[in-house]
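As a plain string of letters, each chain reads:
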Amino acid sequence: MQNDKAGFYHSHQGIGNLIAAEAGSRGFKLETAGAFVSLELIAAGIVRCKAWKKGLTFGDFSYAVTAAAGVVDFRHSENERQIELTTGRLKVVVQKTPLRIRFYTTSGELLNADDEAFGISWIGDEVTCYKTLQDQERFIGLGEKTGNLDRRGEAYINWNTDHFAYPADADPLYLSTPFYIGLRQGLAYGIYLDNSHQTVFNFGASNDRFAYFSAADGPMDYYFIHHETIAGIVSDYTVLTGRMPLPPLWSLGYHQCRYSYYPDTAVMSIARQFREKDIPADVIYLDIHYMDQYKVFTFDPERFSQPEELVKELKAMGFEVTLILDPGIKKEKGYPPYDDGLAADHFVKYPDGEPYTAQVWPGWSHFPDFTQAKTREWWGDQLTYYTDKGIKGFWNDMNEPANWGQHMPDLIEFDYDGQRATHKKARNIYGLQMARSSYEGALKHAGDQRPFILTRAGFSGIQRYAAVWTGDNVASDEHMLAGVRLVNSLGLTGIANAGYDVGGFVGDPSPELFARWISIGAFCPFFRGHSMINSKSAEPWAFGETVEAIARNYIKLRYRLMPYLYSLFYEASVSGLPVARSLAFDYASDDTIFEPAFQQQYLYGPSILVCPVASTEKICLVYLPEGDWYDLFTDRKYAGKQVAAVNCPPEKLPLFVRAGSCLPMQAAVASLQDKPEPVMDLHIYHGKTPETFDYYEDDGHSYAYENGQFCQRSFRYDPDLQQMVIGACSGSYPSHFTAIRVILHGFPAMKTIRVNGTSVGVETGSFRFTEALPEVDPLGHPAASDMSIKAVGYLQIANSDREIVLSWTS
């Protein structure tokens, strides 16, 4: 502490020199004159680095990290200058004077290093880790952050914020995931800062000397992750913070929402129009006007007088209901959630014990303390008001937490599962814990049916409980493309199920903008149209016949891709890999993918390249990464590592398929509750290298898959062996598909073709070539008549749970 004319101030305090080190079974405990540091091996490629000032005590409690440290083989050595700790995946070097930490590959290539001058240091309660800013180093991730794919030169704040109609470059937004990935010269690492206070990540903004990450209070507690691939880093990060549960199949369909559809007759009218207009949809939302005076756990007695009957009618039409839940509990005697919550001490409080009160939709309200186990259970049990009526979808909103005025006092206290904390520490995890409460309650009360939980706010680990949407966006091309980047960035932080409001929540989209946005949204993990009160209607048919046909085409295309998409969601549930994948996953060493013109392109799973473009573009430039690519609709083949000019009228989003891909599809259905025709279309795209796609199928709604009731198999394409192998099914679930129609793209003429060794030559008629097969794969609507998927031939074979080998000679 020093004194100047302005009074006391906190000066910079470095961590100092190492004075003691103790080796243990999981790493090292280190000591300097003013601080303690621990290096703990969680796995061969994950090291936890924790530093705190002497005189302070911080436990290991975390809402984000769920993984326990494993047994890791490592060796260590020490000399007068440094300590080295080496695992099978990385090497950690601790410089003694001053204490600085560097990370290397096992072959000695530098990954990341503390800044030599500052390292870990404090200014009062704020703790910062300064890092060397290396030449040609890029930074990606951080989740729901606007801006460029490469974060270098920018700084970001993690502080969950309700930001209505936010600018396309706003920061912070609703959700915080303090995890980023560093890239340099073919090397990659990840850093997750496990601190729920307000944090800052600076990647060289306003200085040319260092990068840093800091927390307003608490310890410096970060996990360093190294893997050879970005996919491996993200997968390891989700080992730490958890993975999404397998969602119900219906939640992968199209969701229709508005603030608000009311009364119940208006809801039914929207449902009927979807069916009459032959536009697939699976979910209809009820926004706050379903409630009695905006009070959660109520229905308006006039607008929704028979909610259970409404849910039944919608269910009979193939619709599920998802309704909004706001955390504010109206301060009103006689309102059961208020009376019960007050009596059982479920609300956050001032230090003197008085419940905190603020204004939100129902008026003056209290807020449940979701950091308290008994309150999470209480909230979950309240959901029986809805689950007993057949509702399985819950939309958690206003959970930053938001209130009128947007300045929750920092002295508000939370239980924090017995740890006690103020708003400064608890704010960022409030949405996470509300989503957890809703998920656990739905899990408890929805029987054997998988629930769907959606949230606006959250923290690292939110993927364990909920899908995420990017909040109150605006109807503009700028927001449309920014939303794509947000979802891609969320995928880089382990959140596989994310989306944006198609068409924009605020404002009125033009017909061209809505047409483009819904075509892009069809290739978004979470697919929902949503619009605001007092705006124009924004259903797919609200923009004229041409746009309606375009919307129908792309929604149907998504439904036809459901075997592919559901397999991707299963993969996300077991590996942590996202459905929408930034091109950095596979092409991080390609500088072109970071250019502003191409940074929003992404892979939809391993096979489909999506190239979002503004609605004003009719011809655009797209970047095709390394490899060969096929136009999804025309089969035109393009060589990779080139910029190509392509047509992009309103009805044609630039979409490409990676050569060698195996793309399973089905017939379109009105609702995912309906069974498609029992013929799977398996599209095979000729390529030069072997490729494998892992296919997954189950009943789509129950937990029977956890007991082996699933069908999982691989589709393996091998051009060298000139064969396609459909692997044997594992699991006991009988596939819905009794036949497989193998559709070939880009193949040369074949002399012979065999199925399990039996010839099915061209002369039999079971296999034929044609210029195009619109009768096989029509999108079939005049406004997009050129969108029929082309092919050079097909062969229909009987399905079997045994291995099927398709071989040929050319």
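Residues numbered from 1 in each chain as written. Predicted model: local features only at pLDDT ≥ 70, side-chain atom pairs only at ≥ 80, totals over all residues. Heavy atoms only, no water.

Chemist: Please give an account of empty space enclosed by the protein that cites residues and values.
Modeler: Under the criterion given, the structure shown has three cavities of 30 Å³ or more. Roughly 100 Å³ of internal volume is contained in the largest cavity. Along the wall of the largest cavity there are 14 residues; nearest its centre are Asn-148, Leu-149, Arg-151, Arg-485 and Ser-489. No other element matches helix α8 (residues 477–491), which puts three residues into the lining of the largest cavity. (1 Å grid on protein atoms, 1.4 Å probe; cavity = no way out; pocket = protein on both sides within 12 Å on 5 of 7 lines; lining within 4 Å. Points joined across faces, edges and corners; volume = space filled by probe spheres on them. Helix = DSSP H or I, 4+ residues; strand = E, 2+ residues; numbered from the N terminus.)

Chemist: Report on the pattern of salt bridges, specifying residues and quantitative values.
Modeler: In total, this model carries 40 salt bridges according to the counting rule given. Here Arg-48 and Glu-40 are joined by a salt bridge, their closest N and O atoms 3.7 Å apart. Where Glu-78 meets Lys-96, a salt bridge forms, and the shortest distance between an N and an O atom there is 2.8 Å. One end of the pair, Glu-78, is in strand β8 (residues 75–78); the other, Lys-96, is in the loop between β10 (90–95) and β11 (100–105), and 18 residues separate them in sequence. Counted as one network, the salt bridges with shared partners bring together Glu-40, Arg-48, Lys-50, Asp-60 and Asp-221. (Salt bridge = Lys/Arg side-chain N within 4 Å of Asp/Glu carboxyl O.)

Chemist: Account for the packing of aromatic side chains, with residues named and values stated.
Modeler: Each aromatic ring pair is described using two quantities: the centre-to-centre distance and the angle formed by the ring planes. Following the criterion strictly, the structure yields 65 aromatic pairs and no others. A ring pair is formed by Tyr-717 and Phe-747, whose centres lie 6.1 Å apart and whose planes are at 85°; its orientation type is edge-to-face. Placement of Tyr-717 in strand β49 (residues 711–718) and of Phe-747 in the loop between β51 (739–745) and β52 (752–755) is noted, with a sequence separation of 30 residues between them. Across the pair, exposure class does not vary: Tyr-717 and Phe-747 are buried alike. Pairwise contacts between aromatic rings join Tyr-290, Phe-297, Phe-299, Phe-304, Phe-370, Trp-379, Tyr-385, Tyr-386, Phe-394, Phe-414 and Tyr-430 into one cluster. Sitting over the face of the ring of Tyr-104, Lys-91 holds its NZ or CZ atom 5.5 Å from the ring centroid. (Phe/Tyr/Trp six-rings, centres within 6.5 Å; stacked < 30°, edge-to-face > 60°. Buried < 20%, exposed > 50% of the residue type's maximum accessible area, 1.4 Å probe, protein only. Lys NZ or Arg CZ within 6 Å of the ring centre and 35° of its normal.)

Chemist: Outline the state of the cysteines, supporting the account with residue identities and numerical values.
Modeler: Under the criterion given, the structure shown has one disulfide. Each sulfur of the disulfide joining Cys-711 and Cys-729 lies 2.3 Å from the other. Here the residue Cys-711 occupies a position in strand β49, and Cys-729 occupies one in the loop between β50 (723–726) and β51, the gap between them amounting to 18 residues. For the pair formed by Cys-711 and Cys-729, the shared burial category is buried. (Disulfide = S-S within 2.5 Å.)

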